[in-house]
Amino acid sequence: MAKTAIAYKEKMKEISVFSLICSCLYPETRKNLMGDFEDLDIKPINKRASGQSFEIILKPTSPVSDNAHCITAPPKRDISLEDIQKKLEAAEDRRKSQEAQVLQALAEKREHERDVLMKAMEENSNFSRMAEEKLQVKMEQIEENRQAYMAAIMDRLQEKERHAQEVRRNKELREEVTA
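Computed from a predicted structure; not experimentally measured. (Residues numbered from 1 in each chain as written. Predicted model: local features only at pLDDT ≥ 70, side-chain atom pairs only at ≥ 80, totals over all residues. Heavy atoms only, no water.)

The secondary structure content of the protein chain amounts to 5 helices and 2 strands. Going from the N terminus to the C terminus, the protein chain shows its helices and strands as α-α-α-β-β-α-α. Here the protein chain holds 179 residues, and the buried ones make up 6% of them. In the protein chain, once contacts between residues fewer than 6 apart in sequence are set aside, the share between residues at least 24 apart is 31%. (Helix = DSSP H or I, 4+ residues; strand = E, 2+ residues; numbered from the N terminus. Buried < 20%, exposed > 50% of the residue type's maximum accessible area, 1.4 Å probe, protein only. Contact = heavy atoms within 4.5 Å.)

Okay, structure coming up:
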């Protein structure tokens, strides 16, 4: 069955699309065309209103053509022990090379992970240090502001106290003058 299908495909390749169209349009040339193929028999089927139809029948292949299509395997050469040993050594070298590449890739990946971790730790410590410095500056500013506020309050209290003493003195002086 497979040989029949292959032969059918080969014969269909031989018939060009142009000749097929021509055979549909000009039936008299089609009859001449149909007789050219030895392994292919084309029979017209009843004409229909939609166009023409035909049946392609493949003839059984001859024993001569069957041998022509047979592909023989290349002759096997004798493989010596040295050849086998060389192939095994080459395979071992490839395996070791591949293993080394995998190990190198893993080492590079670990190195990258280590670098990323170190960078993250450094950034974290820098952030902590900067936050601590900002907090320290803020605390110093708050302390300075508090001391300035306390000094201002003390100045006002002293001013009030001086004013109160002055008022008392003026009152005493008035009482002395009136008395």
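Together, Ile-79, Leu-81, Ile-84 and Leu-88 make up a nonpolar patch on the protein surface, roughly 420 Å² of accessible area in all. Mapped onto the elements, Ile-84 comes out in helix H5 (residues 81-178). On the basis of relative accessibility, which here comes to 39%, the residue Ile-84 falls in the partly exposed class. (Patch = residues over 30% accessible without salt bridge, like charges linked within 9 Å, V, L, I, M, F, W, Y side chains within 5 Å. Areas by Shrake-Rupley, 256 points an atom, 1.4 Å probe, with all protein chains shown as cover. Salt bridge = Lys/Arg side-chain N within 4 Å of Asp/Glu carboxyl O.)

In this structure the tally under the stated criterion is 4 salt bridges. For Glu-111, the salt bridge goes to Arg-114, with nearest N and O atoms at 2.8 Å. One end of the pair is Glu-111 and the other is Arg-114, both in helix H5 and 3 residues apart, which spans about a single turn. Among the residues examined, Glu-111 registers a relative accessible area of 37% and is labelled partly exposed. Residue classification places Arg-114 among the partly exposed positions, given a relative accessible area of 46%. A salt bridge links Glu-159 to Arg-162; the nearest nitrogen and oxygen atoms lie 3.0 Å apart. Here Glu-159 and its partner Arg-162 are both found in helix H5, 3 residues apart, which amounts to about one turn of the helix.

Another point: the confidence of the model for the protein chain. On average, residues of the protein chain score 82 in pLDDT, and 75% of them are at 70 or above. Of the regions scoring below 50 in pLDDT, residues 29-35 engages in 7 contacts with residues more than four places distant in sequence or in other chains. (pLDDT = per-residue confidence, 0-100.)

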